[in-house]
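What the coordinates show
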Amino acid sequence: MSSVAPSVLLCLALLLCGITDTAAQQYPRHAASVNYSGIVMYGSLAAEYEFIASEQVSLRLGLGGAYGSVVVDNVQAEGATALFSFMSRGRNKVEVGIGFSIMRTNFTMIFDEEEATRDTRMFPALSLAYRYMPAKSGSFFRIGIGWMYGYGLPVTFSYGWVF
């Protein structure tokens, strides 16, 4: 699996370079944000960077950690997510993201006698969100649902800066 992730990232980067607008920039090219995905008892917090290739396409990379409580005990989880996003035009955008998450974890259920070993796994990453993004630089936010780090469909919220 360790050779799969770099290959996928390389393919995404090459595809992204091929569809980058060559016209004068009419929109921000970069975004930095903090993202929370979860539902109260489990979720993840991540720092994200996004390269905005065109008004309608971007590549988002995030690094973060997951947490779990009540049902899951002794959670040690961290990972990365890469999402290729397709967006509608304008400041108020509908966004669909598809990609993958790689997570290293040792989820242990409360009643398990043994401590689980840390395994690295790849999961699909999907999102459907509303995004407000200014035409130039400034703050933006995203809210929606997403499937990341192997979790179900938690609420996802991002807040950051585009430039």
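Residues numbered from 1 in each chain as written. Predicted model: local features only at pLDDT ≥ 70, side-chain atom pairs only at ≥ 80, totals over all residues. Heavy atoms only, no water.

Focus on the packing of aromatic side chains
Given two aromatic rings, their pairing is described by the distance between the two centres and the angle made by the two planes. Heads up, the rule is: Only centres within 6.5 Å qualify two rings of Phe, Tyr or Trp (six-membered ring in Trp) as a pair; their planes then separate them into stacked at under 30 degrees, edge-to-face at over 60, and tilted for everything else. The classification of residues rests on relative accessible area computed with a 1.4 Å probe and restricted to protein chains. Under 20% of the type maximum is buried, over 50% is exposed, and intermediate values are partly exposed. Only DSSP runs of H or I covering at least 4 residues are called helices, and only runs of E covering at least 2 are called strands; the numbering of each starts at the N terminus.
As enumerated under the stated definition, the model contains 3 aromatic pairs in all. Geometrically, the ring pair formed by F84 and F86 is edge-to-face, given 5.1 Å between the ring centres and 80 degrees between the ring planes. Among the residues examined, F84 registers a relative accessible area of 6% and is labelled buried. An angle of 55 degrees between the planes, with centres 5.9 Å apart, marks the rings of Y130 and F141 as tilted. Within this pair, whereas Y130 is found in strand β8 (residues 119-132), its partner F141 is found in strand β9 (residues 138-147), the two being separated by 11 residues in sequence. Given a relative accessible area of 31%, F141 falls into the partly exposed group. Put simply, the rings of Y130, Y132 and F141 pair up and form one aromatic cluster.

Examining the nonpolar core
Proteins that are soluble and globular tend to have nonpolar side chains buried together. How we decide: What makes a nonpolar core is a set of buried Ala, Val, Leu, Ile, Met, Phe, Trp, Tyr and Cys residues whose side-chain atoms join them at distances within 4.5 Å. When checking whether two residues touch, look at their non-hydrogen atoms; a contact exists if any pair is within 4.5 Å.
With 6 residues, the main nonpolar core is built from Y27, A31, I52, M133, F140 and V162. Apart from the residues lying within four places of it in its own chain, the contact partners of I52 are Y27, P28, R29, H30, A31, V57, S58, M133 and V162.

Focus: the environment of A66
Looking at where A66 falls in the secondary structure, it is placed in strand β3 (residues 57-68). Each C-alpha atom of the pair A66 and S37 lies 9.1 Å from the other, and the pair is 29 residues apart in sequence.

Considerations on the side chain of R131
Spelled out, the test is: N or O atoms closer than or at 3.5 Å make up a polar contact, with two conditions inside protein: a donor-capable atom paired with an acceptor-capable one, and, for residues adjacent in sequence, both atoms drawn from side chains.
Mapped onto the secondary structure, R131 falls in strand β8. Judged by its relative accessible area of 0%, R131 is buried. For R131, the side chain forms a polar contact with the side chain of E50, separated by 2.7 Å.

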